[in-house]
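Fold and contact review
What follows is the residue order along each chain.
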Amino acid sequence: MKIKAFIAGLLALAAMSATAGTPIYLDESQPIEKRIDDALSRMTLEEKVKILHAQSKFSSAGVPRLGIPEVWCTDGPHGIRPEVLWDEWDQAGWTNDSCIAYPALTCLAASWSKEVSGLYGKSIGEEARYRNKTVLLGPGVNIYRTPLNGRNFEYMGEDPYLSASMVVPYIKGVQQNGVAACVKHFALNNNEVNRHTTNVIVDDRTLYEIYLPAFKAAVTEAKAWTIMGAYNLYRDQHLCHNQYILNDILKNEWGFDGVVVSDWGGAHDTNQAITNGLDLEYGSWTNGLKLGKKNAYDSYFLADPYLELLHSGKVGTKELDDKARRVLRLIFRTSMNRNRPFGSLCSDEHYAAARRIGDEGIVLLKNNASVLPISLDKVKRILVVGENAIKMMTVGGGSSSLKVQREVLPLDGIKAMVAGRAEVKYVRGYVGDITGEYNGVTTGQDLNESRSAEQLIAEAVDEARKADCVVFVGGLNKSEHQDCEDSDRTGLELPYGQDAVIEALAKANPNLVVVNISGNAVAMPWANNVNAIVQAWYLGSEAGNSIADVLFGAVNPSGKLPFTFPTSLNNVGAHRLDAYPGIKRTDGSQYIDLEYKEGIYVGYRWAEKNKLKPQFAFGHGLSYTTFAYGKATADKKTIAQGETITVSVPVTNTGEREGMEVVQLYISDPKCSVDRPVKELKGFEKVSLKPGETKTVTFTIGTDALSYFDAQRHQWVAEPGQFVAHIAAASDDVRSSVKFELK
Ligand code: GLC
């Protein structure tokens, strides 16, 4: 039936174009808004409703009669998900939909490089385009409020300024391919436990200073073409149809002209969906069978129920036309734009991009006794220990799970790097999660192990004593209650008895490097007994190569932590104040109230306010060279409201090899009528320096960088008085400060 309509549509088009010239909506020389108006004027009520909800698991209708194509969505933020069946999560069984897994977004954030972020977006956008997708369901930018959140690995850390700065180039890179990015999960989706029923309670100042900035930058600076409502609730309304967040803030305050897409199953009510800002409904859990519908998708909240309200006159067409216009704008920006590039899949450039993102995102946390980089002149016998050296991490973890063309595992990467120059031996060390399957994609690995933990540790210690150097590769994985969607961790500790293995190895051989693979902070009780610690993220297809690049010095590490590593959960505001996971209501509803009691004091803001020394601080990351910072200077002693000030600092590479340093700018407002954090990140610059080279790094900031959000006046306020600009190598490593006055 659809094919006939489509052909009829094309014939009608041919007829029309033959006679009255190209209709406006098909005329590429016309402004897009005129084309949209023309298309809308030709659509029936039914056609307008039809494009507002899914027709399959990942697609929604176009207008076949007018030759307007369907909308096809794909996960996820780290790579293009394999094709699933029309109406199932399970695999469609294609043989040409393997992809490249790019490093998780925590790694991108840890690169602190806007250039790398643009490369990331361009590369993954080209893969989405090649697979003919309209919308890439990513990036995610929810703020890291608790280290237990299962999806932090998909996001960009604890600081709003870092997340806001890093999300913009990614989105621009994706959309330059004519594919829409879909920034998610908007908003306040900061834990996975009870994600469908948690009603977040948070004050406006915290909302605007911490939880909105990354989304605002995505919308107002990167011009994201779509945004995904979150599953949870705010002010007792689900975020997929929420008056305050979607209408008042997103569409009215920020002027968002794109499409609000529901999370899959995030819509729950027709009237709210109509009036509270939802434009495109996916994944609803309506049971078409129960209602006897011929097509389950007709029972979606914005399907037949909406039509009935329209036909009965109970609702007008104002919202309908606005929603349809937004969906048409998405289609005209993407599949109706004939000048889109064609994309590419699994190209050498993309593999090189994935490797570079990993190389620049890995964080060298500790390097005593210069254990690193491992020198193959001295080291001839390398022992690799740990399940994460051999376990595929691209399968699992929820909707960001992928079917990769290849995944270089840490052990593979190490072997490839040292081939012929050193002997590499591997022992398991511990057993974690031997499974490897998600929605029908399997790793094919056999990780079965019958020996006991004691036997595995004894073997590892025995081998460690014989080795010149030991590399332990552990951390978390993508299984439930680890770094995984729809569940949270239950503690900060490393799982599977890894602490005991690490302690034993540290005693057996001082030349031990611990490589922690995770998307969250973990407790490191052994940190003082280990000479070298590397934070490697879920690095995707090129994981082993990036890890080897850093371990053996082919690359000089330049990553900095995008979140704090606390020594215990008790040093995290959300947990110290018992503000997680929330309190179940006693009114018979299934809702849970979760009050963000720590307010703006998230991450290093909490640690510094309470003088808590973290295991490793936000912004921390070492290099194989050293950097000296000169004195910070400002071009003005005082500035007036609306003026800018420029802070400069000379940075010198005082070591033996080239390296990159992330110079950070924090602002303090020591005397203010409201409580403010000790300091807040308001600028960063990643500079590359040759040995002996000096560059002067400058930051020009305006009074917006001095402001706090005054909830009563509902506006940003920069209060006159003294401010301090801190130039730092990490949040706990301020190198130089300069005072100035705001008039
Ligand atoms: C999932 C996730 C969302 C994903 C969507 C489609 O539940 O919350 O991030 O894009 O559904 O898989």
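See the structure shown above.
Keep in mind that this is a model prediction, so the values were computed, not measured.

A closer look at the sheet that holds strand β29 (residues 721–730)
Taken in spatial order, the five strands line up as β22-β30-β29-β24-β25 in an open sheet, and their pairing is mixed. Looking at strand neighbours, the two that pair on one side only are β22 (638–639) and β25 (680–689), the edges of this open sheet. Where β22 and strand β30 (residues 733–742) come together, two bridges link them in parallel fashion. In the strand pairing of β30, Ile-639 is matched with Leu-742.

A short note on the site of the ligand
For the ligand, the set of nearby residues contains 15 residues, the closest of which are Asp-75, Lys-184, His-185, Tyr-231 and Asp-263. Within the side chain of Tyr-231, an N or O atom sits 2.7 Å from an oxygen atom of the ligand. Here an oxygen atom of the ligand sits 2.7 Å away from a polar atom, N or O, in the side chain of Asp-263. Looking at the shell around the ligand, its residues break down into six nonpolar, two polar and seven charged.

Topic: the packing of helix α7 (residues 204–211) against helix α9 (residues 243–253)
Between α7 and α9, the shortest axis-to-axis distance is 14 Å and the interhelical angle comes to 55°. One finds that α7 runs oblique with respect to α9. Two packed elements cross with a definite hand, and for α7 against α9 that hand is right-handed. Note on element contacts: α9 touches α7 through Tyr-244, Ile-245, Ile-249 and Glu-253, opposite Asp-204, Leu-207 and Tyr-208. Taken together, the residues of the contact of α7 with α9 sort by class into five nonpolar, no polar and two charged.

Section: a negative patch on the surface
A surface patch of like charges, here negative, comprises Asp-87, Glu-88, Asp-90 and Glu-437. Mapped onto the elements, Asp-90 comes out in the loop between β2 (71–74) and α4 (105–111). Under the relative-accessibility criterion, Asp-90 is labelled partly exposed at 40%.

Structural notes on empty space enclosed by the protein
Tallying each qualifying case throughout the model produces seven cavities of 30 Å³ or more. Together, 21 residues line the largest cavity, and Glu-158, Thr-564, Asn-571, Val-572 and Gly-603 are the ones closest to its centre. At the level of elements, α18 (573–576) and α19 (604–609) are the ones that each hand at least two residues to the lining of the largest cavity. Among the residues forming the lining of the largest cavity, the class breakdown is eleven nonpolar, six polar and four charged. Lining the second largest cavity are 13 residues, and of these His-78, Tyr-102, Met-393, Thr-394 and Lys-478 lie nearest its centre. Across the lining of the second largest cavity, the residue classes break down as eight nonpolar, four polar and one charged.

What to know about the pairing of β25
The buried count for β25 comes to eight of ten residues, which makes it a mostly enclosed element. Where strand β24 (residues 659–668) meets β25, nine bridges bridge the pair, whose relative direction is antiparallel. Paired with Glu-661 across the bridge in β25 is Val-687.

Thoughts on the pairing of strand β11 (residues 381–385)
Counted residue by residue, β11 has four buried out of five residues, so it is predominantly covered. Pairing between β11 and strand β12 (residues 423–427): five bridges, direction parallel. Following the sheet pairing, Val-384 is matched in β12 by Tyr-426. As paired strands, β11 and strand β15 (residues 469–475) are joined by four bridges and run parallel to one another.

Quick notes on the packing of aromatic side chains
Within the structure shown, the criterion is met by 26 aromatic pairs. Ring centres of Trp-264 and Tyr-282 lie 4.6 Å apart, and the angle between their planes is 10°; on these two criteria the pair is classed as stacked. You can see Trp-264 sitting in the loop between β9 (259–261) and α10 (270–275) and its partner Tyr-282 sitting in the loop between α10 and α11 (304–311), a full 18 residues away along the chain. Ring geometry for Phe-563 against Phe-565: centres 5.7 Å apart, planes inclined by 20°, an arrangement best described as stacked. Its relative accessible area of 0% is what places Phe-563 among the buried residues.

Quick look at the pattern of salt bridges
Overall, the coordinates contain 46 salt bridges when judged by the stated rule. Residue Glu-28 is joined to Arg-35 by a salt bridge in which the shortest nitrogen-to-oxygen separation is 3.9 Å. Classification of Glu-28 as partly exposed rests on a relative accessible area of 28%. Residue classification places Arg-35 among the buried positions, given a relative accessible area of 5%. It is possible to trace a salt-bridge network through shared partners that takes in Arg-151, Glu-154, Glu-192, Arg-195, Glu-485 and Asp-486.

Comments concerning the packing of helix α14 (residues 410–418) against helix α17 (residues 543–551)
Taken N-terminus to C-terminus, the directions of α14 and α17 make an angle of 50°; their axes are 7 Å apart at the nearest point. Considered as vectors, α14 and α17 are oriented oblique to each other. Two packed elements cross with a definite hand, and for α14 against α17 that hand is right-handed. On α17, the residues that touch Pro-410, Gly-413, Ile-414 and Met-417 of α14 are Gly-544, Asn-545, Ile-547, Ala-548, Asp-549 and Leu-551. In terms of residue class, the contact of α14 with α17 is made up of six nonpolar, three polar and one charged.

Each value, and the rule that gives it
Residues numbered from 1 in each chain as written. Predicted model: local features only at pLDDT ≥ 70, side-chain atom pairs only at ≥ 80, totals over all residues. Heavy atoms only, no water. Pairing = 2+ DSSP bridges. Helix = DSSP H or I, 4+ residues; strand = E, 2+ residues; numbered from the N terminus. Near = heavy atom within 4 Å. Polar contact = N/O pair within 3.5 Å; in protein donor to acceptor, adjacent residues only side chain to side chain. Nonpolar A, V, L, I, M, F, W, Y, C, P; charged D, E, K, R; others polar. Axes fitted to C-alpha atoms, helices over the stretch in contact; angles between N-to-C directions. Parallel < 35°, antiparallel > 145°, perpendicular 65-115°, else oblique. Left-handed = near helix turned anticlockwise from the far one by under 90°. Contact = heavy atoms within 4.5 Å. Patch = residues over 30% accessible without salt bridge, like charges linked within 9 Å, V, L, I, M, F, W, Y side chains within 5 Å. Areas by Shrake-Rupley, 256 points an atom, 1.4 Å probe, with all protein chains shown as cover. Salt bridge = Lys/Arg side-chain N within 4 Å of Asp/Glu carboxyl O. Lys, Arg positive; Asp, Glu negative; His and termini not counted. Charge placed at Lys NZ, Arg CZ, Asp CG, Glu CD. Buried < 20%, exposed > 50% of the residue type's maximum accessible area, 1.4 Å probe, protein only. 1 Å grid on protein atoms, 1.4 Å probe; cavity = no way out; pocket = protein on both sides within 12 Å on 5 of 7 lines; lining within 4 Å. Points joined across faces, edges and corners; volume = space filled by probe spheres on them. Phe/Tyr/Trp six-rings, centres within 6.5 Å; stacked < 30°, edge-to-face > 60°.

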